[in-house]
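Below, each chain spelled out in residue letters.
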Amino acid sequence: MLFVVARTGRRPLAELRARVPTLRVALIAAFVGVVLGSALNDSGAIVGGTLSYMLTLAIIVLCLGEVAR
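The structure presented is a predicted model; accordingly, all values stated were derived computationally and were not measured.

**Looking at the overall build of the protein**
In step 1: Helix and strand counts for the protein stand at four helices and zero strands.
In step 2: Tracing the protein from N to C terminus, the helices and strands come up as α-α-α-α.
In step 3: Classification of the 69 residues of the protein by burial places 19% in the buried group.
In step 4: Pairs at least 24 residues apart make up 55% of the contacts formed inside the protein by residues separated by at least 6 positions.

**Regarding a nonpolar patch on the surface**
In step 1: A cluster of nonpolar side chains, namely Ile-28, Phe-31, Val-32, Val-35, Leu-36 and Leu-40, defines an oily patch on the protein surface of about 590 Å² accessible area.
In step 2: Tracing the backbone shows Ile-28 in helix 3 (residues 23–40).
In step 3: You can call Ile-28 partly exposed: its relative accessible area is 44%.

**Some words on helix 2 (residues 12–19)**
In step 1: Along helix 2, the residues that are buried comprise Pro-12, Leu-13 and Leu-16. Projected onto a plane normal to the axis of helix 2, the buried residues spread over an arc of 100° and lie on a single side.

**Observations concerning the confidence of the model for the protein**
In step 1: Of the residues in the protein, 80% have a pLDDT of 70 or more, and the chain-wide mean is 76.
In step 2: Between the elements of the protein, mean pLDDT differs from a low of 60, seen in helix 1 (residues 2–7), to a high of 82, seen in helix 3.

**What about helix 3?**
In step 1: The end-to-end C-alpha distance of helix 3, which contains 18 residues, comes to 25 Å, matching closely the 26 Å that a straight helix rising 1.5 Å per residue would cover.
In step 2: The complete set of buried residues in helix 3 reads Leu-23, Leu-27, Ala-30, Val-34 and Gly-37. Looking down the long axis of helix 3, one finds its buried residues gathered within 95° of arc, a one-sided arrangement. In helix 3, the exposed positions that point more than 90 degrees away from the buried face belong to Arg-24, Val-25, Ala-39 and Leu-40.

Cut-offs applied
- Residues numbered from 1 in each chain as written.
- Predicted model: local features only at pLDDT ≥ 70, side-chain atom pairs only at ≥ 80, totals over all residues.
- Heavy atoms only, no water.
- Helix = DSSP H or I, 4+ residues; strand = E, 2+ residues; numbered from the N terminus.
- Buried < 20%, exposed > 50% of the residue type's maximum accessible area, 1.4 Å probe, protein only.
- Contact = heavy atoms within 4.5 Å.
- Patch = residues over 30% accessible without salt bridge, like charges linked within 9 Å, V, L, I, M, F, W, Y side chains within 5 Å.
- Areas by Shrake-Rupley, 256 points an atom, 1.4 Å probe, with all protein chains shown as cover.
- Salt bridge = Lys/Arg side-chain N within 4 Å of Asp/Glu carboxyl O.
- Arc of directions from axis to C-beta.
- pLDDT = per-residue confidence, 0-100.
- Expected span 1.5 Å × (residues − 1).

Shown next, in the form of structure tokens:
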């Protein structure tokens, strides 16, 4: 889903990255959290899946705000 948002239309993710300089670092940190949460938690992929779901929703909401401007 994140790939679709990054590559379609006016590329709102690129515009969002230009406006929020710390977004790249936050996405990397969230990705590391997804991987570590899935690997180290005894409940399996639930932690990583939940974090990636919430991260995707947050990025889509931010990108929709960029498109509306």
